[in-house]
Amino acid sequence: MLGKVIVIAILAVVILSLGSGMFYLVRDTSDSRRTVKALTIRITLSLVLIGVLFLLYALGLVHPHNVVPGR
């Protein structure tokens, strides 16, 4: 259960970072690096999320669903 809460929290922060990047892209008129910083944070958190998911799967705390394509 704790693993799922961590995954949801990271997803929420990724979405917030994406929104702040969009806000800075639209609002900043000068040569600001805030957009790049927000999107860099988003990419880093996405990679961390993938790593956490692999770790949780390796530890057996999360399992894939039983959907089989083509059936």
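Up top is the structure.
Sequence order as written defines residue numbering, which begins from 1 separately in each chain. Predicted model: local features are reported for residues with pLDDT of at least 70 only, side-chain atom pairs are reported and counted for 80 or more only, and whole-chain, interface and lining totals are derived from all residues. Excluding hydrogens and water, the side-chain figures rest on all heavy atoms present in the structure.

Peer 1: What is the right way to look at the overall build of the protein in this model?
Peer 2: A run of DSSP states H or I qualifies as a helix once it reaches four residues; a run of E qualifies as a strand once it reaches two. Both are numbered from the N-terminal end. Broken down by element type, the protein carries two helices and zero strands. Here the C-alpha atoms of the protein give a radius of gyration of 16 Å, more than 25% beyond the 11 Å that 2.2 N^0.38 yields for 71 residues. Oriented by its inertia axes, the alpha-carbon framework of the protein measures out at about 50 × 30 × 15 Å. Looking at the protein as a whole, 17% of its 71 residues qualify as buried. As a reference, a globule follows 2.2 Å times the number of residues to the power 0.38, and the radius of gyration itself is taken over C-alpha atoms. For every residue, the accessible area (1.4 Å probe, protein chains only) is compared with the maximum for its type, and the residue is labelled buried under 20%, exposed over 50%, or partly exposed between those bounds.

Peer 1: Could you clarify how one ought to interpret the packing of helix α1 (residues 2–27) against helix α2 (residues 34–59) in this entry?
Peer 2: Two packed helices can be described by the angle between their axes and the distance between those axes. Packing of α1 against α2 leaves a shortest axis separation of 8 Å and a crossing angle of 165 degrees. Compared by their axis directions, α1 and α2 come out roughly antiparallel. Between α1 and α2 the crossing geometry is left-handed. Classification used: nonpolar for Ala, Val, Leu, Ile, Met, Phe, Trp, Tyr, Cys and Pro, charged for Asp, Glu, Lys and Arg, polar for all others including Gly. A per-class count over the contact of α1 with α2 returns 18 nonpolar, six polar and two charged. Only the stretch in contact is used when a helix axis is fitted, and all axes are lines through C-alpha atoms; the angle between N-to-C directions ranges over 0 to 180 degrees. Here roughly perpendicular refers to angles of 65 to 115 degrees, roughly parallel to angles under 35, roughly antiparallel to angles over 145, and oblique to all remaining angles. Crossing handedness follows the turn of the near helix against the far one: under a right angle anticlockwise gives a left-handed crossing, and clockwise gives a right-handed one.

Peer 1: I keep staring at the pattern of salt bridges and nothing clicks. Help me out?
Peer 2: For this document, the term salt bridge refers to a Lys or Arg side-chain nitrogen within 4 Å of an Asp or Glu carboxyl oxygen. Applying the stated criterion across every chain, the model contains one salt bridge. Between Asp28 and Arg34 there is a salt bridge, with its nearest N and O atoms 2.6 Å apart. Residue Arg34 is classed as partly exposed on the basis of its relative accessible area, which comes to 42%.

Peer 1: What am I meant to see in the nonpolar core here?
Peer 2: The tendency in soluble globular proteins is for nonpolar side chains to be buried side by side. Throughout this description, the term nonpolar core refers to a set of buried Ala, Val, Leu, Ile, Met, Phe, Trp, Tyr and Cys residues connected via side-chain atoms within 4.5 Å. Among the nonpolar cores identified, the biggest contains six residues, and these are Val7, Ile10, Val14, Leu49, Leu56 and Val62. Sorting the residues of this core by element identifies α1 and α2 as the ones contributing at least two each. Beyond its immediate sequence surroundings of up to four residues, Val14 is in contact with Arg42, Leu45 and Ser46. Every residue pair with non-hydrogen atoms within 4.5 Å of one another is taken to be in contact.

All quantities given are derived from atomic positions and should not be read as evidence of function.
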